[in-house]
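Here is how the chains run, residue by residue.
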Amino acid sequence: MAEYDLTLHMIPLLDRQLVFPLLEFVSTRDVYKAEDMLKAKFELLSHTSMVDFTGSLYKHIHDVDELPAEFAEKRAEVIRRLEESEQKTEHIREVIENPEVAGSLRQDKLQNMKLLVENYQCTPEMVLELYNYGQLQYNCGNYGGSADLLFHFSILSTDPELTLSAMWGKLASEILLGNWEVAYEDMLKLKETIEKTHFKSPTEQLQQRSWLLHWSLFVFFNHPKGRDGIVDTFLLPQYISTIQNACPWMLRYLIAAVVTNRRRRNMMQELVKVIQQTTHTYRDPVTEFVEALYVDFDFDRAASKLEQCEYVLDQDFFLTRAVDDFLENARFFFAEVYCRIHKRIDMVGLSKRLNMKQEDCEKWIVKLIRDTRMDAKIDFKDNTVVMNPSYNPIYQQVIERTKALVFRSQVINGAIDKRDNPSSKKPEQKQKNKQQQQQQQQQRVGKKAQDNNAVPVSAM
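Every value quoted in this text rests on a predicted model; they were computed, and no experiment measured them.

Cut-offs applied
Residues numbered from 1 in each chain as written. Predicted model: local features only at pLDDT ≥ 70, side-chain atom pairs only at ≥ 80, totals over all residues. Heavy atoms only, no water. Helix = DSSP H or I, 4+ residues; strand = E, 2+ residues; numbered from the N terminus. Buried < 20%, exposed > 50% of the residue type's maximum accessible area, 1.4 Å probe, protein only. Areas by Shrake-Rupley, 256 points an atom, 1.4 Å probe, with all protein chains shown as cover. Polar contact = N/O pair within 3.5 Å; in protein donor to acceptor, adjacent residues only side chain to side chain. Contact = heavy atoms within 4.5 Å. Phe/Tyr/Trp six-rings, centres within 6.5 Å; stacked < 30°, edge-to-face > 60°. Lys NZ or Arg CZ within 6 Å of the ring centre and 35° of its normal. Expected span 1.5 Å × (residues − 1). Patch = residues over 30% accessible without salt bridge, like charges linked within 9 Å, V, L, I, M, F, W, Y side chains within 5 Å. Salt bridge = Lys/Arg side-chain N within 4 Å of Asp/Glu carboxyl O. Axes fitted to C-alpha atoms, helices over the stretch in contact; angles between N-to-C directions. Parallel < 35°, antiparallel > 145°, perpendicular 65-115°, else oblique. Left-handed = near helix turned anticlockwise from the far one by under 90°. Nonpolar A, V, L, I, M, F, W, Y, C, P; charged D, E, K, R; others polar. Lys, Arg positive; Asp, Glu negative; His and termini not counted. Charge placed at Lys NZ, Arg CZ, Asp CG, Glu CD. Core = buried A, V, L, I, M, F, W, Y, C linked by side-chain atoms within 4.5 Å.

Draft legend 1. Representation of the overall build of the protein. On a plain count of helices and strands, the protein comes out with 23 helices and three strands. Classification of the 460 residues of the protein by burial places 41% in the buried group. About 27000 Å² of surface is accessible on the protein, with carbon and sulfur atoms providing 50% of the total.

Draft legend 2. Representation of the side chain of Thr163. Secondary-structure assignment places Thr163 in helix 10 (residues 160-177). Exposure remark for Thr163: the relative accessible area of 10% places this residue in the buried category. A polar atom in the side chain of Thr163 sits 2.7 Å from the backbone oxygen of Asp159. With residues up to four places along the chain from it excluded, the contact list for Thr163 reads Lys109, Phe153, Ser154 and Ser157.

Draft legend 3. Region of the structure containing the packing of aromatic side chains. Counted according to the given criterion, the structure contains 19 aromatic pairs. Centre to centre, the rings of Tyr253 and Phe318 are 5.8 Å apart; their planes meet at 90°, and the pair counts as edge-to-face. Of this pair, Tyr253 sits in helix 15 (residues 251-259) while Phe318 sits in the loop between helix 18 (299-314) and helix 19 (323-341), and the two are 65 residues apart along the sequence. The same class applies to Tyr253 as to Phe318, namely buried. Here the aromatic residues Phe25, Phe218, Phe221, Tyr253, Phe317 and Phe318 are joined through ring pairs into a cluster of three or more. In this arrangement the basic side chain of Arg209 is found over the ring face of Tyr239, its NZ or CZ atom lying 5.9 Å from the centre.

Draft legend 4. Summary view of helix 9 (residues 143-156). In a regular helix each residue adds 1.5 Å, so 14 residues correspond to 20 Å; helix 9 covers 20 Å between its end C-alpha atoms and thus fits that length. Regarding helix 9, the residues found buried are Tyr143, Ser146, Ala147, Leu149, Leu150, Phe153, Ser154 and Leu156. Each element contacted by the buried residues of helix 9 is listed here: helix 2 (16-28), helix 5 (69-96), helix 7 (109-120), helix 8 (124-140) and helix 10.

Draft legend 5. Structural view of a nonpolar patch on the surface. Together, Leu8, Ile11 and Tyr32 line one region of the surface with nonpolar side chains, adding up to about 260 Å² of accessible area. Within the fold, Leu8 resides in helix 1 (residues 7-10). With a relative accessible area of 60%, Leu8 lands in the exposed category.

Draft legend 6. Looking closely at the packing of helix 3 (residues 34-45) against helix 4 (residues 51-62). Where helix 3 contacts helix 4, the two axes come as close as 9 Å, and the packing angle between them is 150°. Here helix 4 runs roughly antiparallel to helix 3, going by the angle between their axes. Like other packed secondary-structure pairs, helix 3 and helix 4 cross with a definite hand, here left-handed. Side by side, helix 3 and helix 4 meet where Leu38, Lys39, Lys41, Phe42 and Leu45 of the first sit next to Phe53, Thr54, Leu57, Tyr58, His60 and Ile61 of the second. Across the contact of helix 3 with helix 4, the residue classes break down as seven nonpolar, two polar and two charged.

Draft legend 7. Broad picture of helix 4. Its 12 residues give helix 4 an end-to-end C-alpha distance of 16 Å, which sits within 8% of 16 Å, the value for a rise of 1.5 Å per residue. Each element contacted by the buried residues of helix 4 is listed here: helix 3 and helix 5. Phi turns positive, to about 55°, at Asp63, one or two residues after helix 4.

Draft legend 8. A look at the packing of helix 10 against helix 11 (residues 180-196). For the pair helix 10 and helix 11, interaxial distance at closest approach is 9 Å and the crossing angle is 155°. For the element pair helix 10 / helix 11, the angle class is roughly antiparallel. In the packing of helix 10 onto helix 11, the handedness of the crossing is left-handed. Residues Leu164, Met167, Trp168, Lys170, Leu171, Glu174 and Ile175 of helix 10 form the contact with helix 11, whose participating residues are Trp180, Val182, Ala183, Asp186, Met187, Lys189, Leu190, Thr193 and Ile194. Partitioning the contact of helix 10 with helix 11 into residue classes produces 11 nonpolar, one polar and four charged.

Draft legend 9. Here's a closer look at unusual backbone geometry. Of note, Asp30 is a non-glycine position whose phi angle comes to about 55°, a positive value. Its location among the elements puts Asp30 in the loop between helix 2 and helix 3. Overall, Asp30 belongs to the exposed group, its relative accessible area being 66%. Residue Asp63 is not a glycine yet carries a positive backbone phi of 55°. Asp63 gets classed as exposed once you look at its relative accessible area, which sits at 69%.

Draft legend 10. Region of the structure containing a negative patch on the surface. A cluster of acidic side chains, namely Glu83, Glu86, Glu90, Glu94, Glu97 and Asp148, defines a negative patch on the protein surface. Per-element accounting of the negative patch gives the leading share, four residues, to helix 5. Within the fold, Glu86 resides in helix 5. Look at Glu86 and you get partly exposed, because its relative accessible area is 41%.

Draft legend 11. Here's a closer look at the nonpolar core. By size, the foremost hydrophobic cluster in this structure holds 99 residues, and its most contacted members are Met10, Met250, Tyr253, Phe326, Phe334 and Ile365. Examining the composition of this core, we find that 11 residues originate from one element, helix 19, more than from any other. One finds Leu105, Val127, Leu130 and Ala166 within the second-largest nonpolar core, a separate group that totals 17 residues.

Draft legend 12. How the structure looks around the side chain of Asp316. Residue position: Asp316 is located in the loop between helix 18 and helix 19. Each residue touching Asp316, except ones within four places of it in the same chain, is listed here: Leu6, Phe25, Arg252 and Tyr253.

Listed below in structure tokens is the structure:
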């Protein structure tokens, strides 16, 4: 099902070297022709400085033993640039790697730069060369060296655009190194920087958020806290808007995170609303499964889409390791909704819908009833599950629907007390009110004096 492969959607929103693991994965799934995948890898990396690797790809594609002379020339040029950058950054690298210097650096970048210029003869040009050297190391595939260089540059640089670029480069380096703890922290810092930065246009900010959503998938699906993190991030209003307007296919990963994380099952209803709003722009078996289950209550269609989900997730680079977890929890959601709607459930029919053996389905249903504390029992004679409907008493329903009114009433009372209580007013307002009261009192005294001096009309 190449129609459900998201690699082509993601390539424009990922760095070249982050795309390479996706192409490697797709190559093992026989989604596209092997020859086309080799050409795609070569085209992808030919614009980097990984000359030796691209040379090996060239040999495979053209079935030759010798490389054209241009490869040797490019390799020599890359080595020359590396040596030149190493020499240019030698002094500043020795300075910033000194523990005493590192300990004296502060949050104020201008003060840091002043310190380096006055005490260690490090110029802004040397700091800029750290960025160039880090970028070159990244293009050569030396991700450890690029991460260190770009980190030092981001601490010292006063250029916000280059600092943001360095943060992206460091995040990519940590991802490709597999340092998920560091990458998670870098991603959060980058997210905070994007939200604080005033971009030239809303389109540029939308692009930055779109990049972050895609790059974060590497981190979220490899970090222990990733499935909580992806829900917390993707469901933020600004990122929901980004998904709906720029990359609706990211719903697949949000759904997978919610389904595989039962602690976040309360987010399902909010997620269903988002799916309904984007159903005209993007659909796949994962979104259609949730839609069929929670919107249409079409259990036959939901069961059919669940079978397709197994294949779709197995072909997805980020979700292939979560297939079993997704299916297990998706069956849980399916059975929960199914049991709450039906009073008597045929075990044979339910096992077919869940694509499980009847014996395994019976054990699974027993566990489900125990875990969710449903009021149900299994009739092994008729091979059915009998649900005992429970209805809240009318007074309990009234309490649940009106319990929010208590809080709202408290808020209103607090606002009224604050308005009427003079001690809660600002000093300026209190002084102004005092002056107005004094003026009104003086006017009343003056008016009273005028009335006492006036001659009555009857005496004239």
